[in-house]
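Here is what each chain is made of, one letter per residue.
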Amino acid sequence: SDMAVQSATAGGQPSGDQNFDYMFKLLIIGNSSVGKTSFLFRYCDDSFTSAFVSTVGIDFKVKTVFKGDKRVKLQIWDTAGQERYRTITTAYYRGAMGFILMYDITNEESFNSVQDWCTQIKTYSWENAQVVLVGNKCDMDAERVVSCDRGRQLADQLSLEFFETSAKENINVKAVFEKLVEIICNKMAESLDKQDPNQGVKGTKLDANTTQKPPSQQCNC
Ligand code: GTP
Ligand code: MG
């Protein structure tokens, strides 16, 4: 699958600030105050602040990670959860290869909105976009109103990967991005195999890889 993924980038990039093999555009979406900005800051800067500064419109950060020996440049867009910015933020869905759809385990309303956010993805992005459902603030167990089981059930129902996380305590933040990069790479390899008429056994093997989800993921909190 490494070979297939490589050919998708048409020979990689020149050196300098274009120093990467692939670039993935990712978006973090979900209701206001669920912790999207905090999650991004934890991942990119390893910082956290308890002050709430609601995002205006949209912002992004860049982080380069390694997948095997390949440099993957992640362009991560942090969207405003507030309804009034919806027209602006949905304009950025186009071309996104992956979404982190976040709710707050202490906020029922944010969980109830997950289905609507999924519809937004279906409406404004392309069909191959990969999505990870994230229940954030799992450090706040005393205030929890959404159980890990309900989160996992919804994820299964919507065929999404699922994690509970804490931007504050740095729980599963890196794991979410790693999973997203992995499933995007699998999807790329799979669609390349479909295009190639000379694929036999290999195509079958890759399909099995991408369609086989682990039965029910362990709750990580
Ligand atoms: P919008 O920009 O309005 O869409 O909100 P947002 O989703 O970006 O939320 P933000 O990251 O600004 O976080 C909202 C509040 O939740 C802030 O006060 C954060 O400090 C807090 N917060 C974020 N993540 C966590 C977490 O994992 N645990 C706890 N305890 N608090 C968190
Ligand atoms: Mg924000």
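Above this text is the structure in question.
Cut-off values and rules
Residues numbered from 1 in each chain as written. Chains lettered and ligands numbered in written order. Predicted model: local features only at pLDDT ≥ 70, side-chain atom pairs only at ≥ 80, totals over all residues. Heavy atoms only, no water. Helix = DSSP H or I, 4+ residues; strand = E, 2+ residues; numbered from the N terminus. Buried < 20%, exposed > 50% of the residue type's maximum accessible area, 1.4 Å probe, protein only. Contact = heavy atoms within 4.5 Å. Areas by Shrake-Rupley, 256 points an atom, 1.4 Å probe, with all protein chains shown as cover. Phe/Tyr/Trp six-rings, centres within 6.5 Å; stacked < 30°, edge-to-face > 60°. Lys NZ or Arg CZ within 6 Å of the ring centre and 35° of its normal. Donors = N, O, S within 2.8 Å, 3.2 Å for Na, K, Ca; no water.

Student: When you look at the overall build of the chain in this model, what are you seeing that I'm missing?
Tutor: Scanning the chain from terminus to terminus reveals 8 helices and 6 strands. If you list the helices and strands of the chain from N to C, you get α-β-α-β-β-α-β-α-α-β-α-β-α-α. Put simply, the chain has 221 residues, and 46% of those count as buried. For the chain, the proportion of contacts with a sequence separation of at least 24, taken over those separated by at least 6, is 73%. As displayed, the chain has an accessible area near 11,500 Å², and 47% of this comes from carbon and sulfur atoms.

Student: Would you take a moment to explain the packing of aromatic side chains for this structure?
Tutor: Between two aromatic rings, the relevant description is the distance of the centres plus the angle of the planes. On inspection of all chains with the given rule, the structure shows 8 aromatic pairs. Ring centres of phenylalanine 60 and tryptophan 77 lie 4.6 Å apart, and the angle between their planes is 35 degrees; this geometry places the pair in the tilted category. Remark: tryptophan 77 occurs in strand S3 (residues 70-79) and phenylalanine 60 occurs in strand S2 (residues 58-67); sequence separation between them is 17 residues. Of the residues examined, tryptophan 77 reaches a relative accessible area of 12% and is grouped as buried. Chaining the aromatic ring pairs together yields one cluster made of Phe39, Tyr43 and Phe177. A cation over a ring is seen here: lysine 61 above phenylalanine 41, with NZ or CZ 4.5 Å from the ring centre.

Student: When you look at the coordination of the magnesium ion (ligand 2) in this model, what are you seeing that I'm missing?
Tutor: Under perfect tetrahedral coordination by four donors, a metal shows angles of 109.5 degrees; under perfect octahedral coordination by six donors, it shows angles of 90 or 180 degrees. Around the magnesium ion (ligand 2), the protein contributes the donor atoms Thr37 (OG1) and Thr55 (OG1), which lie 2.0 Å from the metal centre. Pair noted here: threonine 37 is in helix H2 (residues 36-45) and threonine 55 is in the loop between H2 and S2, with a separation of 18 residues, a long-range link. For threonine 37, a relative accessible area of 24% corresponds to the partly exposed category.

That is the geometry; function is a separate question.
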